[in-house]
Amino acid sequence: MKRSVFALIDCNNFFVSCERLFRPDLEGRPVVVLSSNDGCAVSRSNEAKALGIPMGAPAFKYRETFRRESVVQFSANFELYGDISRRITQLLTSITPRIEVYSVDESFLDLSELGITDYEAWGREVCRLVRQWIGVPISIGIAPSKTLAKLGAAHAKTHPEARGVYSFIDKPAAEIESLLKAASLRDIWGVGRRLAPQLQSMGIVNAYELSRLSQNLARQLMGSKHGAQLVAELNGTSCFGLVEEGTPAKSISRTRTFGEDTTDLGVLEAAVANFCARAGHTLRRDGLMARRASVFVTSSKHKPNYKTWSREVRFQMPTADTGRLASSLIKVLQAVKAEHMEYHRAGVLLYDLLPKESLQTDLLGYVDPGAHDKSNRRMHALDAMNLKYGKETLRFASELLAQSWQPKYHLRSPRYATRWNELQKVRIII
Amino acid sequence: MKKHLPTHQDDANDLYGVSVKTGFPNPSIDSPLDSPDFNKLIIRHPVATYCMRISGNSWERLGVFDGDIVVIDRAIVPTPIDLVVWWEGGFALSRHSRMPLSTELWGVVTAIIHQYR
C-alpha cells in the first residue's frame, strides 16, 4: 500500500499579505484588516501581533494602540482576497489536481502520487513559486495525515529556521515528539475551543499528550468516532482523506448544519462566504460558470415553528468568481433577518451552469463584472469567511453590527486585481 | 449567390452551405467558434499576471500615454533590456538595468495597451 502524504498550504496573514502586494511600503509596518463593518481585526501582520493586538480585537477598544503605534488599518477587501485566493488555487491545481480547497487561505494537497523524494525541498520550491508568481507568503506542512500537516504548517509559520516548510516524513521520533509537545491543543484540527478546556482540565495540555491517549479514553472524551480518529491522525495514520468533488455536475451545492442553532447573521454570512469559496473553486476547476445561484436557510425540524427560507440570484454575466458569488448572496441574505428564525442549516446552490469557453472573457481571464454592478456594499463580516477565526470573532463582529454599526468601506483598499478602474498606478522613470 | 465564395469556385464541393476547395480546407469548418483570443496573445501566465495604469506623460513621444494599461507578469525572469516594475515610494517602471539595486523586482512588463477610443 502506498503511504499517504498530505500537504497543507497555508497563507501567512493572508488578508494583510494581499494588501501588501499592492502596497509594498507596508512591509515591516503593523497592519490590520478589520471586518467590513470595521468591527474587529480579522488579519494581523506579524508586527501587529507583536503589539499584542489579538485576533478579533475590536477596533474601538484598540483605537489608542492603533494611533500610538501607527497601525495601518484596512476594511476587508474581499474581492481582492478572493482573486488572490483563486490564483493560488489555480497554481496549486497545476501542481496536482488532487486538491481540497479548505478555506480562502488554506488548501490540502495529496502528494502520495507525485513521486517526491525530498519533501522539504519540494515545499520550499512551492513557497518560492507562490511568493514570486502571485506575491504572497505561505507556509507548508507535510505529513502522513491532514491533522499533522496542519500542525506542521503552524510550526513552519512560527519558526523562521523552518523557512516556510515543515515535513513530518522520515523525521526521527524524538523530533516529532518535541514538536507535538510544543503544539497547543488549540492548534489541533478538530479540537477547537469547546474541547480544549475540557482536555486541559484532564491534564492533557499539548498535542503529544493527546497522541498518547488510549483509544478508550479518546472515545470517551471526544466521541467514539472522532476521538479515535484524532488520536490515530496524530500518530501518523490518515483517517481523513482529501475531500474532492466528483465529476462535473449540473449544479453544485454546499451545505452545512451549524454546531448549535444561532440567530447570529454574522455566522450565517461566514458560512455562505465559505460555501461560495468552495463552490466557486469547483466551478473554476470544471471550467464552468453559473448563471444562477441560490442560498437557503432552515430552522431545526425538531423545534416548533420550522421554517425554510431561500432566495435566488441571477447573474447578468455568468460568473465563477468567488467574490461575486459571495457578495451577491450575502446581499440577498440580509432579508432573512425579517424571518426571526434560529438558523440551523444553510447552503448555497449554483446552477444553470455553462462552460466558460462559451463566453468572451476580459484580459484577466474572466467575465467583466459589469459596470452596473452596484454590489459595492460588499462583504459584511467576510472576516468570517475563514473558519479558523472561530465563532467568537464572528459573534463579536455581529454584536457590533447589532449596535447599529453601519457597514463602512472608507478604509477599503482599491480592488486592484479585479476592476479596470481601480488598478494601481505606475509612473515611468526616464 | 452568397454561399459560393468567389475564390473557391474551382473544384468546389458544396458542404453545409460553405464552398470548399479540395486540398485547401476552409479552417472555419473545424472551429466555427474560435475568434482570436486576446488573453492568449497577451497573457502567458494568467495566475501571475496583474495590470496597472500608467501615470504621467513622460513617454508620450514613444506612444505611451497617461492611463494606458500595463500588463505585468511576475513569473518571468527579466533580462536587462526588459521593462520592469518595482516599488520606490510608488510603483515605478523602466528598463531592468535602471532598477536600483536596493529595490525588489515586482514584475516584468509584457505589454502596454493604449486604447484610442
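Calculation rules
Residues numbered from 1 in each chain as written. Chains lettered and ligands numbered in written order. Predicted model: local features only at pLDDT ≥ 70, side-chain atom pairs only at ≥ 80, totals over all residues. Heavy atoms only, no water. Phe/Tyr/Trp six-rings, centres within 6.5 Å; stacked < 30°, edge-to-face > 60°. Helix = DSSP H or I, 4+ residues; strand = E, 2+ residues; numbered from the N terminus. Buried < 20%, exposed > 50% of the residue type's maximum accessible area, 1.4 Å probe, protein only. Lys NZ or Arg CZ within 6 Å of the ring centre and 35° of its normal. Contact = heavy atoms within 4.5 Å. Buried area = accessible area lost by both parts, 1.4 Å probe. Polar contact = N/O pair within 3.5 Å; in protein donor to acceptor, adjacent residues only side chain to side chain. Nonpolar A, V, L, I, M, F, W, Y, C, P; charged D, E, K, R; others polar. Pairing = 2+ DSSP bridges. Axes fitted to C-alpha atoms, helices over the stretch in contact; angles between N-to-C directions. Left-handed = near helix turned anticlockwise from the far one by under 90°. Core = buried A, V, L, I, M, F, W, Y, C linked by side-chain atoms within 4.5 Å.

(A) Structural view of the packing of aromatic side chains. Counting across every chain of the model gives 14 aromatic pairs over all chains. On the numbers, 5.3 Å between centres and 45° between planes, the contact of Phe 108 of chain A with Trp 189 of chain A is tilted. With a gap of 81 residues between them, Phe 108 of chain A in strand β6 (residues 106-110) and Trp 189 of chain A in the loop between α7 (173-182) and α8 (192-201) connect regions that are remote in the sequence. According to the relative accessible area criterion, Phe 108 of chain A is buried, its value standing at 0%. Ring-pair connections join several aromatic residues into one group, and the members of that group are Phe 22 and Tyr 416 of chain A together with Tyr 50, Trp 87, Phe 91 and Trp 106 of chain B. When the ring centre of Tyr 50 of chain B is taken as origin, the NZ or CZ atom of Arg 87 of chain A, which lies over that ring, is 3.9 Å away. A cation over an aromatic ring shows up here: Arg 74 of chain B above the ring of Trp 106 of chain B, its NZ or CZ 4.8 Å from the ring centre.

(B) Representation of the interface of chain B and chain A. The interface is formed by 37 residues belonging to chain B together with 30 residues belonging to chain A. Here chain B and chain A share an interface that buries about 3100 Å² over both sides, 59% of which is from carbon and sulfur atoms. Linking chain B with chain A are 18 residue pairs in polar contact (both at pLDDT 80 or more). Of all the secondary-structure elements, those providing two or more residues to the side of chain B that touches chain A are α1 (38-42), β3 (49-55), β4 (69-73), β5 (83-87), β6 (91-95) and β7 (105-113) of chain B. Top contributing element to the side of chain B that touches chain A by residue count: β3 of chain B, with seven residues. Among the residues forming the side of chain B that touches chain A, the class breakdown is 24 nonpolar, nine polar and four charged. Judged from the three bridges that link them, strand β13 (residues 424-428) of chain A and β6 of chain B form a sheet pairing that is parallel. From the neighbouring strand, Arg 427 of chain A faces β6 of chain B, where its bridge partner is Ala 92 of chain B.

(C) Representation of the packing of helix α12 (residues 265-285) of chain A against helix α13 (residues 322-333) of chain A in the model. Residues and elements named next belong to chain A. It is at 8 Å that the axes of α12 and α13 come closest, and there the two elements cross at 145°. Along this stretch, α12 crosses α13, giving a crossing that reads as right-handed. Along the contact surface, α12 presents Leu 265, Leu 268, Glu 269, Val 272, Ala 273, Cys 276, Ala 277, Gly 280, Leu 283 and Arg 284, while α13 presents Thr 322, Leu 325, Ala 326, Leu 329, Ile 330 and Leu 333. Here the contact of α12 with α13 is composed, by residue class, of 12 nonpolar, two polar and two charged.

(D) Up close: the sheet that holds strand β8 (residues 165-167) of chain A. Residue and element names in this part refer to chain A. Read from one edge of the open sheet, five strands run β5-β6-β1-β7-β8, paired in mixed fashion. Edge positions in the open sheet fall to β5 (99-103) and β8, since each of these has one partner strand only. The average angle at which neighbouring strand axes cross in this sheet is 15°, direction not considered. Alignment of strand β1 (residues 6-11) against strand β7 (residues 138-143), held across six bridges, turns out to be antiparallel. Across the sheet, Ile 9 pairs through a bridge with Ile 140, a residue of β7. In this fold helix α5 (residues 119-134) packs onto β1, β6, β7 and β8, with an angle of close to 155° to the strand it touches most, β7.

(E) Highlighting helix α11 (residues 224-234) of chain A. All names here are of chain A. Burial within α11 is extensive, with eight of its 11 residues counted as buried. Looking only at α11, the buried set comprises Gly 227, Ala 228, Gln 229, Leu 230, Val 231, Ala 232, Glu 233 and Leu 234. Each element contacted by the buried residues of α11 is listed here: α6 (146-158), α7, α9 (207-211) and α10 (215-222). Downstream of α11 by one or two residues, Gly 236 has phi in the positive range, about 90°.

(F) Broad picture of the pairing of β5 of chain A. All names here are of chain A. Across the five residues that make up β5, a large majority, five, are buried. Where β5 meets β6, four bridges bridge the pair, whose relative direction is antiparallel. Counterpart to Ser 103 in the pairing with β6 is Glu 106.

(G) Looking closely at the nonpolar core. Ranked by size, the top nonpolar core spans 63 residues in total, and within it Ile 84 and Ile 142 of chain A together with Leu 93 of chain B carry the most contacts. No other element matches α5 of chain A, which puts eight residues into this core. With near-sequence residues (within four places) excluded, Leu 93 of chain B lies in contact with Val 426, Arg 427, Ile 428 and Ile 429 of chain A together with Ile 54, Trp 59, Val 70, Leu 83, Val 84, Val 85, Trp 86 and Val 109 of chain B. In this structure, Leu 268, Phe 315, Ile 330 and Leu 354 of chain A belong to the second largest nonpolar core, which totals 36 residues.

(H) Examining the environment of His 45 of chain B more closely. Inspection of the secondary structure puts His 45 of chain B in the loop between α1 and β3. Those residues within four positions of His 45 of chain B in sequence are excluded, and the remaining contacts are Trp 133 of chain A together with Asp 73, Ala 75 and Ile 76 of chain B.

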